[in-house]
Amino acid sequence: MPASHGTASPGDGTPPGDAVATHCPYCALQCAQTLTRTAADAPLPVEVSGRQFPTNRGGLCQKGWTSAEVLRAKDRVTMPLIRTEDGGFREADWEEALDLIAGRLAVLQEAHGRDAVAIFGGGGLTNEKAYALGKFARVVLRTRYIDYNGRFCMSSAAAASNRSLGLDRGLGFPLADLGGADAVLVVGSNMGVTMPPFVQHLAGVRERGGLVVVDPRETVTARLTREGQGIHLSPVPGTDLVVLLALAHVVLAEGLQDAAYLDARVNGLDEVRRSVAAWWPERAEAVCGIPADDLRRTARLLAAASPSRGGRGAYVLTGRGLEQMSQGTAGVTAAINLALLLGLVGREGSGFGPVTGQGNGQGGREHGQKSDQLPGYRMITDPAARAHVAGVWGVDPDTLPGPGVPAVQLLDSLGTADGPKALLVHGSNVVVSAPHADKVRGALGRLDLLVVADLVPSETAMLADVILPVTQWAEEEGTMTNLEGRIIRRRQAADAPGEARSELWILNRLAARLGVDSGFPTEPEAVFAELARASAGGKADYSGVTYARLDRGEELFWPVRGDGPGGEHPGTPRVFLDGFPTPDGRARMIPVDHHAPADDVRAEAPLYLITGRVLQHYQSGAQTRRVAELVAAQPEPFVEMHPLLADRLGLADGDLASLTTARGRGHATVRLTEDTRPDTVFMPFHWAGEGSANRLTNDVTDPISGMPEFKVTAVRIAPARLKEGAPA
């Protein structure tokens, strides 16, 4: 393990001695950490401390502070495991495990064709791993079937941003820019819980009374608007889009739009004007439940903050509450339309951006895990893109497969007559994180071969034929791309336990066994150098990024073009300042309209179930449910409901409730709160088994993005009963 040298820098340089500068393994804020190596006999290999960085400013959340615990989880997978005839597992060496996998993949592809094998990746993998996984699918397996769990996170925001703005980069500006704004509209994100250090960037706008939060619950983030610091709008679940349409209506009806900006930089105004004319505030109130006066007050606040009306600036931010819907792309499009009306996008001090969730949700899709994309955010159907990437890979473009299918469709097809017969899973726990989870479990059971690469025996891993032990954040080198499009360094600070290996090593060895002896280096820096070449000229251009530049502490936001006559490209902290990467250089406003959730409330399911995260756990909980401090704080699944609703249902705080949807039934402990609507219950999605929220959620998808409708499900709730009808 190489020693780190140099001094700490304002960017991302490495501190001296045994202190290693890296970043948290969890969310897309990617808070900066310093990991200090401990003595050989210490219970943990590193000690975690916060590190000054523009995003977290030295702070960490409870997950970040306890992140080292996962390195020594009691059930950490440290050897390859092969399923035995009695349903258990036995340890194996790498030669046996890889020979078994390669042999069975070859047999299945010989019998059923290249598409008999699929890959499901993860938004927590480094850029290098994501790139190598996509290349492995297209060059070695030559299968079109690859997608990843980022489909459940950012796909609607990506689709909307690409078609309206020509580019999908999450936040198109440094996070610190929020501090100077007069108004920030947050639709469907609870960053006060999901990424607490984010909140300090909202201090300035709160002081000026300009924070607006749209959420059915009075979340931690929504409570930041109290005492005159902003506005909380609590819509009927599934109607966030109506709120945005009404705000756009008011802006246009009262002449609050930035006419000069629209004339110079935007197409589609007339069509959007006609479409939002139908959503006057009183009509919107009847659908979303927000008083018409509050809608008008919010629109005027946002307009007053806009540069065209003399304000300091305004931002529109979206999150999963808006995006994880069957109209998610339309919802984000409406948010972009509002931001364009106010002249915010492509202006320093203002803007639009979706708040990315997963640690490398950005880089994970930019470089090859998404079913229709090649590195550099190139589309796999574009002949020029195929030719460029194939040239870097040294293969004939005609050998690259075409586009695959989005995650839900891919999971549904597993083990069917025409679907994949084998699945390789890297960095995902789909039987907890995917919607209609029981259906997903059944699909995995139809496979001839399931291989899961994981740190711990997750619920998905426990269904596998082979489990492969892999390294995690503090045990590896690489890069990540955070929610701002900032490329950052992940650095090794500890040795991996047992026989755990990086996915780069695993893919190298599997490729060789499947007949591809070169093109899969095991050193992350070599992989990144190739990624940079493959991305050159694409929307997500990393060609000017090197480890050396990152290690010097340079702050690099993509696109970062390769060296030119003027020297090293500085990167692009703020996109769209000089135009939009569309055919005519103008943004496109696109008319959208509202429809009810696919699984709307009805007599037999009269309540709205919404899902989300809690502070102490992350995603499927496979890592955080193994940290004692986090489990002590949030030990079990729960369903949060208003006291009035609980009283009507005959439930009290601490009771066990039964929740039934069209997909299945679950059980969770009741928690009472006045922070949610009386027609709505909230359930976090971090647990498996009877308390798994995603056993209940709907797998209907957005027709454009493939995003499932996680966020609104019709549910019936009653006191839980044991067999023969006895009270629980």
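Residues numbered from 1 in each chain as written. Predicted model: local features only at pLDDT ≥ 70, side-chain atom pairs only at ≥ 80, totals over all residues. Heavy atoms only, no water.

Trainee: Honestly, helix α14 (residues 328-341) in this entry has me stumped. Any pointers?
Mentor: Structurally, the α-helix is built with 3.6 residues per turn, so residues lying three or four positions apart point the same way. Given a rise of 1.5 Å per residue, 14 residues ought to cover 20 Å, and the 20 Å separating the end C-alpha atoms of α14 matches this to within 8%. With 14 of 14 residues buried, α14 is to be regarded as a mostly interior element. Just past α14, the residue G343 takes up positive phi, approximately 70°. (Helix = DSSP H or I, 4+ residues; strand = E, 2+ residues; numbered from the N terminus. Expected span 1.5 Å × (residues − 1). Buried < 20%, exposed > 50% of the residue type's maximum accessible area, 1.4 Å probe, protein only.)

Trainee: Looking at this structure, I do not really get the domain arrangement of the chain. What am I missing?
Mentor: The parts lose accessible area when they come together, and the size of an interface is often stated as this lost area. We note that the domain assignment places domain 1 (3-72), domain 2 (81-148 + 360-476 + 490-520), domain 3 (155-354) and domain 4 (607-719) within the chain. In this structure, domain 3 and domain 4 have C-alpha centres spaced 27 Å apart. Between domain 3 and domain 4, the buried area comes to about 2100 Å², and carbon and sulfur atoms account for 57% of it. When the buried area of domain 3 at its contact with domain 4 is split by residue, R217, P237 and Q324 rank highest and sum to 31% of it. (Domains from an automatic or database assignment. Buried area = accessible area lost by both parts, 1.4 Å probe.)

Trainee: What exactly am I supposed to notice about the confidence of the model for the chain here?
Mentor: Where the model shows low pLDDT, its predicted coordinates should not be examined in detail. Per-chain confidence: the chain averages 95 in pLDDT, with 96% of residues scoring 70 or above. For residues 1-10, every residue scores under 50 in pLDDT, and the model assigns this stretch 23 contacts once sequence neighbours within four places are set aside. Between residues 722-728, whose pLDDT stays under 50, and residues either more than four places distant or in other chains, the model counts seven contacts. (pLDDT = per-residue confidence, 0-100. Contact = heavy atoms within 4.5 Å.)

Trainee: I tried to follow empty space enclosed by the protein on my own but got confused; where do I start?
Mentor: In this approach the atoms are scanned with a rolling probe the size of a water molecule, which exposes any empty space left behind. In this structure the tally under the stated criterion is seven cavities of 30 Å³ or more. Approximately 90 Å³ is the volume attributed to the second largest cavity. Lining of the second largest cavity is provided by 16 residues; of these, G172, F173, G346, S350 and V575 occupy positions nearest its centre. The class makeup of the residues in the lining of the second largest cavity is seven nonpolar, five polar and four charged. (1 Å grid on protein atoms, 1.4 Å probe; cavity = no way out; pocket = protein on both sides within 12 Å on 5 of 7 lines; lining within 4 Å. Points joined across faces, edges and corners; volume = space filled by probe spheres on them. Nonpolar A, V, L, I, M, F, W, Y, C, P; charged D, E, K, R; others polar.)

Trainee: Can you help me understand the pattern of salt bridges in this one?
Mentor: Should the charged atoms of two oppositely charged side chains come close, the side chains can pair. By the definition in use, this model includes 44 salt bridges. Between R223 and D675 there is a salt bridge; the shortest N-O distance is 2.9 Å. Residue R223 is found in helix α7 (residues 220-223), and its partner D675 is found in the loop between β26 (665-672) and β27 (680-684); the two are separated by 452 residues along the sequence. For R223, a relative accessible area of 28% translates into the label partly exposed. One salt bridge in this structure joins E254 and R300, with 2.7 Å as the shortest N-O distance. In this pair, E254 is assigned in the loop between α8 (240-253) and α9 (259-265) and R300 in helix α12 (residues 292-305), connecting sequence segments 46 residues apart. (Salt bridge = Lys/Arg side-chain N within 4 Å of Asp/Glu carboxyl O.)

Trainee: What exactly am I supposed to notice about the side chain of T660 here?
Mentor: Its place among the elements puts T660 in strand β25 (residues 656-660). For T660, a relative accessible area of 16% translates into the label buried. In terms of polar contacts, T660 uses its side chain to reach the side chain of R665, at 3.2 Å. Those residues in contact with T660, other than ones at most four positions away along the chain, are R665, A714, V715 and R716. (Polar contact = N/O pair within 3.5 Å; in protein donor to acceptor, adjacent residues only side chain to side chain.)

Trainee: Honestly, the state of the cysteines in this entry has me stumped. Any pointers?
Mentor: Note: disulfide means a covalent bond formed between the sulfur atoms of two cysteine side chains. Considering all chains together, one arrives at zero disulfides under this definition. Looking at the unpaired C24, the closest cysteine sulfur is the one in C61, lying at 6.0 Å. Looking at the unpaired C27, the closest cysteine sulfur is the one in C31, lying at 5.8 Å. Under the relative-accessibility criterion, C27 is labelled buried at 9%. (Disulfide = S-S within 2.5 Å.)

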